[in-house]
Amino acid sequence: MTAPAIELKGISKAFGPVQANKDISIRVMSGTIHGIIGENGAGKSTLMSILYGFYKADAGEIFIGGNKTEIPDSQAAIAAGIGMVFQHFKLVENFTVLENIILGAEDGGLLKPSLSKARKTLLDLEKEYDLKVDPDAIIEEIGVGMQQRVEILKALYRQANILILDEPTGVLTPAEADQLFRILGRLKEEGKTIILITHKLREIMDITDTVSVMRRGEMTATVKTAETSPEELAELMVGRKVLLRVDKAPATPGDVVLDVQNLKVVDEQGVERLRGIDLQVRAGEIVGIAGVAGNGQSELLEVLGGYEDATGTVTLNGQPIDLTGKYSDGRSRRDRGIAHVPEDRQREGLIMDFPAWENTAFGYHRDAAYTSGLLSNNAAIKADTAEKMERFDVRPPHPHLAAKNFSGGNQQKIVLAREIERNPDLLLIGQPTRGVDIGAIEFIHQQIVALRDQGKAILLVSVELEEILGLADRVAVMFDGQIMGERQTTETDEKELGLLMAGITDTDKPHTMAEIEANLAHAHGNASKEV
Amino acid sequence: MDVMPKWAEVILVPLISLILAAILSALVILAIGENPVEAVNLMVTGAIGSTYGWGYTLYYATNFMFTGLAVSVAFHAGLFNIGGEGQAMLGGLGVALVLLFIPWPHWTIALLAATAGAAVFGALWAAIPAYLQAKRGSHIVITTIMFNFIAAAVLNYMLVNQLRPAGSMDPATERFREAVHLPNLHEMLAPIGINFSKAAPANVSLVIAIIACVLVWLLIWRTPLGLEIRSYGKSGRAAKYAGIGAVRITMIAMLISGALAGMMAINNVMGEAERLVLNAVEGAGFIGIAVALMGRSHPFGVFLAAILFGFLYQGGAELALWTSIPRELIVVIQALVILFTGALDNMVRMPLEKVFLAARNARASKSVEPAE
């Protein structure tokens, strides 16, 4: 038997009181794809950072190809044949592909020879792995999927045999993700070893050979993918049985609650971020907004939530809403019966240093029930918070604990409790389960469906297509500040939505990958550079 | 999870910082050939060894309470108001105008009117930088410090060209009327049988300063407006989400801050000098920043820190008077206190957190062992 490509023995790492990795051992055989799955904070990224030399383990040993290896920094990791593709790419935006590839791996004082050599190597790599990129394209002018390929090429150029990818599909459309998986398959055939870190069960099932599950810093299991199921993996991740599907009855939409006509927003740089949105949300239905991050979904939520001015018309229950001026702010929106669970709960929905009880009043702190005369009625707020925490199963149920001391899922429950319990006519909800553990996802989805069944209108923005297909009744796909099309979620699939996400509306016809990529690159250059 | 218990956070950290500052100061005094024990002795007797000393310590402390509160309120909104000096100068002008041109029958009404005058003038002086910050994005640190210089020039002009009595060579107003004389601590405490020094300047303004501490505490921690100010200070995005207007909070916080700084004038102008002179503020606006830092922008902390700085001020003056330690060294000592309690906070906090963490882990492992 040959030595495994990578073997970790007894790796432990603590950050202060937090044990991020506890006695972790894995073996990854050469020429396989190994998945590492776990919830946020389970310790996946810490483990990979140790492997890549960003952190030093408190205890444990690393073996590469059977030899014990010390990895004090990323240089050593590269020397040992490890390449890493980060979730957030490390590319110089205004350099060409070629320049990015040689960056840090130039030989000699002159650039020219390095560039020529790299161009030749790149051609070889392209042939060997079927990895097409234009070496002279500027990074900021190519799509995200292409940028990711540049990251992979960077690693291969440095002769990586082991490739680590951290949440690689987070910013990709389904078609791009499939393309990536084809590339990974090809790399595997050529004998490379791949470690895929993700929280998406479907990806693990589709592409990996073996999978390790992490929970609270520990490796709870390593199994052959063929011998497991998503349900079993979810249970291993959470530690109990979880319902992966959203359990809901068909919607019975009523009157139009939210009516958006020709909504436009221009940002500070003069770029049109929303380019004439028309959208309706009815009572008793959940409308999902799908799209690759940065195509105007955030702006739509922000305008409806009263953050920024816009042009066009928006009515709620037939009554117009001010889009500019004094009554175009969050408070006025709340007064009108619009509740908002923002996309970024840590920077917008909560104030992390404030206790849970102050966060529960936040936004509604001038309500009659929360005040007495000029003063806040803190006793009433605390009592209300305790009640809400119990109803939403927030753990630990301490109103005095600062928001930052709760886990992501419990933070989200605090925000949800605050917004849902207001009995709003319309609930705006952005990325409801981002950074939320699977166990809490189930609960949060149930609460949203329950609100729908009370006859409320819900506008859901999520970059997780799976979540939209599971939770929403109707889906509108945004691309480059416009809505490309609407579908009933029961009558569509990821493939069709994926094309819409790339700005292709004639979804019945076949389309090539090149066409999709050209479209995405166009939107990328046009709409956003923030992603 | 919070690593340290609250008492360690609020009491232990400042206390250790203070001790470190004291040790370093002692070394400096040693280095210039004086006896640090002697010096401490002198400072303590000078500042709190007699009712005379206390009278000065509390007089300075009153100034620092007002300016410290001023900086704190702005801090909570995430604004760094370093214009307390200028706002206090303008507050003095407000007090002088109110007292010179209206014949008040009794000091009580005069005090209320003077407080209002000082607050309005201070607030207006803060309003301009606040407006520039809120509407034009001009950084408030830059504008408030520039306004200190403008305030000095305005005061200069008013005293030299407008308010100076005919024939006087002194750039100062005439004395306020006898009727508006504020009772000092001697006059206040005599009826209840306490004999307080007649010569010390501490006066009834101290009571107003303490009331101001309580009111600021109520405002910041017990009102919806206070929550809005603190929210805006912590996260502009979150404030936007909640519909808390940036312009509104910036204006309100700075108006309150300026008013508090201005109100200092009832102590130094109305209570002590009983006329408006040039340089009446004597740097109290800047000391307010240190007081707010050390008091962690909490009114009770500001109260304690103000008394500490009052002690340093008065003790320092005594030191300069009775030893060959130059006056500048007092500034060094004060600077060390500011440095340790304000800027080098983490230097003390981090090792202390480690100690608490180790203690907790030891406790935790002990409680686990018997179960295994």
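Computed from a predicted model, the values in this text were never measured in an experiment.

**Q** Explain the overall build of chain A here, please?
**A** Regarding its fold elements, chain A presents 18 helices and 22 strands. Counting every position in chain A, which comprises 531 residues, the buried fraction comes to 55%. Once local pairs closer than 6 in sequence are excluded, the contacts in chain A between residues at least 24 apart make up 66%. Approximately 22,600 Å² of chain A is accessible, and the part contributed by carbon and sulfur atoms is 48%.

**Q** Quick question: what am I supposed to make of the domain arrangement of chain A here?
**A** Buried accessible area, meaning the area lost when the parts come together, often serves as the stated size of an interface. All names here are of chain A. Segmenting chain A into domains produces domain 1 (6-238), domain 2 (243-337 + 424-531) and domain 3 (350-422). Centre-to-centre, using C-alpha coordinates, domain 2 lies 27 Å away from domain 3. With 16 residues of domain 2 at the interface, the matching set in domain 3 holds 14 residues. Buried surface at the junction of domain 2 and domain 3, both sides included, amounts to about 1,200 Å², of which 69% is carbon and sulfur. At the boundary of domain 2 and domain 3, one finds one residue pair in polar contact (both at pLDDT 80 or more). Counting residues per element, the ones that place at least two in the side of domain 2 that touches domain 3 are helix H10 (330-335), strand E19 (426-430) and helix H15 (438-453). Here the side of domain 2 that touches domain 3 gets five residues from one element, more than from any other, and that element is H15.

**Q** Is there a simple way to explain the environment of Arg 418 of chain A in this structure?
**A** Examined against the element boundaries, Arg 418 of chain A turns out to sit in helix H14 (residues 408-420). Look at Arg 418 of chain A and you get buried, because its relative accessible area is 1%. C-alpha separation for the pair Arg 418 of chain A and Leu 111 of chain A, spaced 307 residues apart in sequence, amounts to 58 Å. Apart from the residues lying within four places of it in its own chain, the contact partners of Arg 418 of chain A are Gly 349, Leu 350, Asn 359, Thr 360, Phe 362, Tyr 364 and Lys 388 of chain A together with Tyr 241 of chain B.

**Q** Is there a simple way to explain the nonpolar core in this structure?
**A** Generally speaking, soluble globular proteins have nonpolar side chains that are buried together. Phe 64, Val 95, Leu 99, Met 270 and Phe 309 of chain B are the most contacted members of the largest nonpolar core, which has 111 residues in total. Sequence-distant contacts of Phe 309 of chain B, that is, excluding residues within four places in its chain, are made with Phe 64, Ile 287, Ala 290, Val 291, Met 294, Val 337 and Ile 338 of chain B. Counting residues in each nonpolar core, the second largest holds 52 residues, with Trp 357, Tyr 364, Ala 417 and Leu 500 of chain A among its members.

**Q** I would appreciate a short explanation of the interface of chain A and chain B in the present structure.
**A** On the side of chain B, 25 residues touch chain A, which itself brings 31 residues to the contact. The interface formed by chain A and chain B includes five salt bridges. For Arg 237 of chain B, the salt bridge is made with Glu 348 of chain A, and the minimal N-O distance between the two is 2.3 Å. Where the side of chain A that touches chain B is concerned, the elements lending two or more residues are H10, helix H11 (345-349), strand E18 (375-376) and H14 of chain A.

**Q** Help me understand the packing of helix H4 (residues 84-101) of chain B against helix H12 (residues 265-273) of chain B in this model?
**A** Geometry of a packed helix pair, given as the angle between the helix axes and the separation of the axes. All names here are of chain B. At a minimum axis separation of 9 Å, H4 and H12 run at an interaxial angle of 45 degrees. By the angle between their axes, H4 is oblique relative to H12. Taken as a pair, H4 and H12 cross one another with a handedness that is right-handed. For the pair H4 and H12, contact is made by Ala 88, Gly 91, Gly 92, Val 95 and Leu 99 and by Ala 265, Ile 266, Val 269 and Met 270, respectively.

**Q** Which parts of the structure should I look at to understand the layout of surface pockets?
**A** Once rolled over the atoms, a probe with the size of a water molecule shows which space is left empty. All names here are of chain B. The calculated volume of the second largest pocket comes to roughly 2,100 Å³. Lys 6, Glu 9, Val 10, Trp 221 and Arg 296 are, among the 47 residues lining the second largest pocket, the residues nearest its centre. Here the lining of the second largest pocket gets seven residues from one element, more than from any other, and that element is helix H1 (residues 6-31). When the residues that make up the lining of the second largest pocket are grouped by side-chain class, the tally is 23 nonpolar, ten polar and 14 charged.

**Q** What is the right way to look at the sheet that holds strand E15 (residues 319-320) of chain A in this model?
**A** Each strand in a sheet pairs with its neighbour through backbone hydrogen bonds, running either in the same direction (parallel) or in the opposite one (antiparallel). Residue and element names in this part refer to chain A. Taken together, four strands build an open sheet; the order of strands is E12-E11-E14-E15 and the sheet is antiparallel. Among the strands making up the open sheet, the edge pair consists of strand E12 (272-282) and E15. Across eight bridges, the pairing between strand E11 (residues 256-266) and E12 is antiparallel. Following the sheet pairing, Lys 264 is matched in E12 by Arg 275. With respect to the sheet, helix H9 (residues 297-304) is in contact with E11, E12 and strand E14 (311-316), its orientation differing from that of E12 by roughly 65 degrees.

**Q** What should I look at first to understand the pairing of strand E3 (residues 33-38) of chain A in this one?
**A** A regular strand carries its side chains on alternate faces of the sheet. All names here are of chain A. Counting buried positions along E3 gives six out of six residues, so the element sits mostly inside the fold. Of the two faces of E3, the one carrying Ile 33, Gly 35 and Ile 37 and the one carrying His 34, Ile 36 and Gly 38 are both buried. Relative to strand E8 (residues 193-198), E3 runs parallel, the two being bridged by five bridges. For His 34, the partnering residue across the bridge sits in E8 and is Ile 195. By the bridge criterion, five bridges tie E3 to strand E9 (residues 210-215) in an arrangement that is parallel. Residue pairing in the sheet places His 34 in a bridge with Thr 210 of E9.

**Q** Would you mind going over the sheet that holds strand E16 (residues 338-341) of chain A with me for this structure?
**A** Residue and element names in this part refer to chain A. The mixed open sheet is built from six strands, whose spatial order is E16-E19-E20-E13-E21-E22. Taken across any chain shown, the strands that pair with only one partner, and hence form the sheet edges, are E16 and strand E22 (482-488). Taken over all neighbouring pairs, the strand axes of this sheet differ in orientation by 20 degrees on average, direction set aside. In this structure, E16 lies alongside E19, joined through four bridges in parallel fashion.

**Q** Looking at this structure, how should I read the environment of Gly 91 of chain B?
**A** Residues and elements named next belong to chain B. Assignment of secondary structure puts Gly 91 in helix H4. By relative accessible area, which is 0% here, Gly 91 ends up buried. Ignoring any residue separated from it by four or fewer positions in sequence, one finds Gly 91 in contact with Ala 118, Phe 121, Gly 122, Gly 262 and Ala 265.

**Q** When you look at the packing of aromatic side chains in this model, what are you seeing that I'm missing?
**A** Think of a pair of aromatic rings as described by two things: how far the centres are apart, and how the planes are tilted against each other in angle. By the definition in use, this model includes 13 aromatic pairs over all chains. Consider the rings of Tyr 52 of chain A and Phe 86 of chain A, whose centres lie 6.0 Å apart with planes at 75 degrees: the pair is edge-to-face. Taken as a pair, Tyr 52 of chain A in the loop between helix H1 (44-51) and strand E4 (59-64) and Phe 86 of chain A in the loop between strand E6 (82-85) and helix H3 (97-102) lie far apart in primary sequence, 34 residues in all. Assigned by exposure class, Tyr 52 of chain A and Phe 86 of chain A land together as buried. Plain terms: the ring middles of Tyr 307 of chain A and Tyr 241 of chain B are 6.4 Å apart, the flat faces sit at 75 degrees to each other, and that makes the pair edge-to-face.

**Q** Is there a simple way to explain the confidence of the model for chain A in this structure?
**A** A low pLDDT means the predicted coordinates there should not be read in detail. Residues and elements named next belong to chain A. Mean pLDDT for chain A: 89, with 98% of residues reaching 70 or above. Within chain A, strand E20 (residues 457-461) carries the highest mean pLDDT (97), whereas helix H18 (residues 513-527) carries the lowest (69). Under a pLDDT of 50 for its full length, residues 526-531 has, in the predicted model, 16 contacts with residues more than four places off or in other chains.

Reading guide: rules and limits
Residues numbered from 1 in each chain as written. Chains lettered and ligands numbered in written order. Predicted model: local features only at pLDDT ≥ 70, side-chain atom pairs only at ≥ 80, totals over all residues. Heavy atoms only, no water. Helix = DSSP H or I, 4+ residues; strand = E, 2+ residues; numbered from the N terminus. Buried < 20%, exposed > 50% of the residue type's maximum accessible area, 1.4 Å probe, protein only. Contact = heavy atoms within 4.5 Å. Areas by Shrake-Rupley, 256 points an atom, 1.4 Å probe, with all protein chains shown as cover. Domains from an automatic or database assignment. Buried area = accessible area lost by both parts, 1.4 Å probe. Polar contact = N/O pair within 3.5 Å; in protein donor to acceptor, adjacent residues only side chain to side chain. Core = buried A, V, L, I, M, F, W, Y, C linked by side-chain atoms within 4.5 Å. Salt bridge = Lys/Arg side-chain N within 4 Å of Asp/Glu carboxyl O. Axes fitted to C-alpha atoms, helices over the stretch in contact; angles between N-to-C directions. Parallel < 35°, antiparallel > 145°, perpendicular 65-115°, else oblique. Left-handed = near helix turned anticlockwise from the far one by under 90°. 1 Å grid on protein atoms, 1.4 Å probe; cavity = no way out; pocket = protein on both sides within 12 Å on 5 of 7 lines; lining within 4 Å. Points joined across faces, edges and corners; volume = space filled by probe spheres on them. Nonpolar A, V, L, I, M, F, W, Y, C, P; charged D, E, K, R; others polar. Pairing = 2+ DSSP bridges. Phe/Tyr/Trp six-rings, centres within 6.5 Å; stacked < 30°, edge-to-face > 60°. pLDDT = per-residue confidence, 0-100.

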